[in-house]
Amino acid sequence: MQRPTGSIRPLPLHVTKLRLFLVDDNRMFRDGLAAMLNAQGDLTVVAALADGKEALRRVPAAKPDVVLLDQALRNGDALQLAQRVRQASPETKVIVMGLLPIQEDVADYVRAGVSGFVLKAATLDELLDAIRSVAQGANVLPPPLTLSLFSQIADLAARQGKGHALTAVRLTKREREVVDLIVGGMSNKEIAHQLHLATHTIRSHVHNVLEKLALRSRLQIAAYMHAKGPPPSWSGELPPPS
């Protein structure tokens, strides 16, 4: 996925308006966004709903060009809904709106057929650019995600040549297992299956490791380990990055 380069112009007026379908359970946000989108000459909101099940029922008949989907639906699973929307209406593009997702969640959404992610902190112009870009076949990520690719992180870690710190940070046996599996390329769901634990438990372990190592993402854990390897004995002490 990549962010669109430059502003995407509205479609010519003689072209049929892009049909948008909005799914968000915050009524104030949903109604306000629908009004702003309908004010655009090339866009029309054909439905604005709070309920994911109702949205899924109505999407095939509505045939929207783009579905704008709230990532944090309280009454449904946004990932599953995105996947089912794509199955029910293959020509429909899906844009997820929400807080900055972690890279693993992005991969899950991409596999589900999502074409774009827009932060709820984005400006109206940024949202409009994303909608028009996705409708024209582009894939869109917010800037913070385009800068967090594993190859860039790994390259940075390698160039910094971090050495072992004198003060070690102790990881639990389970945290070491999780780190090893992250380095092996497993997602949180795959690690949960491997260790016979719930996915939310793995997320908790990853969070603890990040705090202990003063890192910000599981990608940085893998990059750090790839760049310098574990301590010789891997005795449960992993030095923090310098």
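Our structure is the block above this text.
A brief report on the enclosed structure follows.

## Quick notes on the packing of helix α9 (residues 188-195) against helix α10 (residues 199-213)
Helices that pack against each other are described as a pair by the angle of their axes relative to one another and the distance between those axes. The N-to-C vectors of α9 and α10 enclose an angle of 110 degrees; their axes lie 8 Å apart at closest approach. In terms of orientation, α9 lies roughly perpendicular with respect to α10. Contacts from Asn188, Lys189, Ile191, Ala192 and Leu195 in α9 reach Thr199, Ile202, Arg203 and Val206 in α10. Split by residue class, the contact of α9 with α10 holds five nonpolar, two polar and two charged.

## Considerations on helix α2 (residues 52-62)
Looking at α2, one finds that the buried residues are Gly52, Ala55, Leu56, Val59 and Ala62. The arc enclosing the buried residues of α2, seen along the axis, measures out at 135 degrees, which places them on a common side. Facing away from the buried surface of α2 by more than 90 degrees, the exposed residues are Lys53, Arg57 and Ala61. Where α2 begins, the side chain of aspartate 51 points an oxygen toward the backbone nitrogen of lysine 53, at a separation of 3.2 Å. Downstream of α2 by one or two residues, lysine 63 has phi in the positive range, about 50 degrees.

## Concerning the pairing of strand β3 (residues 66-70)
The buried count for β3 comes to five of five residues, which makes it a mostly enclosed element. Burial of the side chains of β3 extends over both faces: Val66, Leu68 and Asp70 are buried on one face and Val67 and Leu69 on the other. As judged from the four bridges shared by strand β1 (residues 18-23) and β3, these two strands associate in the parallel manner. For phenylalanine 21, the partnering residue across the bridge sits in β3 and is valine 67.

Criteria and cut-off values
Residues numbered from 1 in each chain as written. Predicted model: local features only at pLDDT ≥ 70, side-chain atom pairs only at ≥ 80, totals over all residues. Heavy atoms only, no water. Axes fitted to C-alpha atoms, helices over the stretch in contact; angles between N-to-C directions. Helix = DSSP H or I, 4+ residues; strand = E, 2+ residues; numbered from the N terminus. Parallel < 35°, antiparallel > 145°, perpendicular 65-115°, else oblique. Contact = heavy atoms within 4.5 Å. Nonpolar A, V, L, I, M, F, W, Y, C, P; charged D, E, K, R; others polar. Buried < 20%, exposed > 50% of the residue type's maximum accessible area, 1.4 Å probe, protein only. Arc of directions from axis to C-beta. Polar contact = N/O pair within 3.5 Å; in protein donor to acceptor, adjacent residues only side chain to side chain. Pairing = 2+ DSSP bridges.

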